[in-house]
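Okay, here's what each chain looks like letter by letter:
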Amino acid sequence: MSFGKRKSTGARVSKVRPPPPPPDENAEILRRPDLSVGNVVCCDQYECSKVGRLELGYGREAEKQCYTGGTLYVESVSGFIWNRNQVSLGAAESILGKIEFEDWLYD
């Protein structure tokens, strides 16, 4: 039986580097001095496969009445992130969440 080891040939393989990412075109917009907190708000929704329990109640709600996801609200000037859990991911509940977020932000 042979216990020989493979020896390197001395040849090196160079890795191909990807090109650098393009500069962020929105970075200049967010650096404008006339923007203040609350001027730029972004939203994104997420969905969970496992339903969540409401804060109120005893945990005996039907699955249609439990949390299924939510919306993340980001205030872009300050970078503040706020989460609102939602029973439905419909537009009406998301808009109410955005109004609640803006009310909280201005108070």
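Below is a summary of the structure that appears in this document.

Cut-offs applied
Residues numbered from 1 in each chain as written. Predicted model: local features only at pLDDT ≥ 70, side-chain atom pairs only at ≥ 80, totals over all residues. Heavy atoms only, no water. Core = buried A, V, L, I, M, F, W, Y, C linked by side-chain atoms within 4.5 Å. Buried < 20%, exposed > 50% of the residue type's maximum accessible area, 1.4 Å probe, protein only. Contact = heavy atoms within 4.5 Å. Helix = DSSP H or I, 4+ residues; strand = E, 2+ residues; numbered from the N terminus. Polar contact = N/O pair within 3.5 Å; in protein donor to acceptor, adjacent residues only side chain to side chain. Salt bridge = Lys/Arg side-chain N within 4 Å of Asp/Glu carboxyl O.

### Here's the deal with the nonpolar core
Part 1 of the reasoning: Residues Val41, Tyr73, Trp82, Phe101 and Leu105 constitute the largest nonpolar core, which totals five residues.
Part 2 of the reasoning: When neighbours within four sequence positions are excluded, Trp82 is seen to be in contact with Thr71, Leu72, Tyr73, Gly97, Glu100 and Phe101.

### Some words on the environment of Ser88
Part 1 of the reasoning: One can find Ser88 in the loop between strand E3 (80-86) and helix H2 (91-106).
Part 2 of the reasoning: The spacing of Ser88 and Cys66 is 22 residues in sequence and 8.7 Å in space, taken between C-alpha atoms.
Part 3 of the reasoning: Ignoring anything within four residues of it in the chain, the contact list for Ser88 reads Thr68 and Glu93.
Part 4 of the reasoning: Among the polar contacts made by the side chain of Ser88, one reaches the side chain of Glu93 at a distance of 2.9 Å.

### Things to note about the pattern of salt bridges
Part 1 of the reasoning: What the rule picks out here adds up to two salt bridges.
Part 2 of the reasoning: When the shortest N-O distance is used, the salt bridge between Glu100 and Arg84 registers 3.2 Å. Of the two residues, Glu100 sits in helix H2 while Arg84 sits in strand E3, which places them 16 residues apart along the sequence.
Part 3 of the reasoning: Exposure remark for Glu100: the relative accessible area of 38% places this residue in the partly exposed category.
Part 4 of the reasoning: Put simply, Glu102 and Lys98 hold a salt bridge, and the shortest N to O gap is 2.6 Å. Taken as a pair, Glu102 and Lys98 lie in helix H2 at a separation of four residues, close to a single helical turn.

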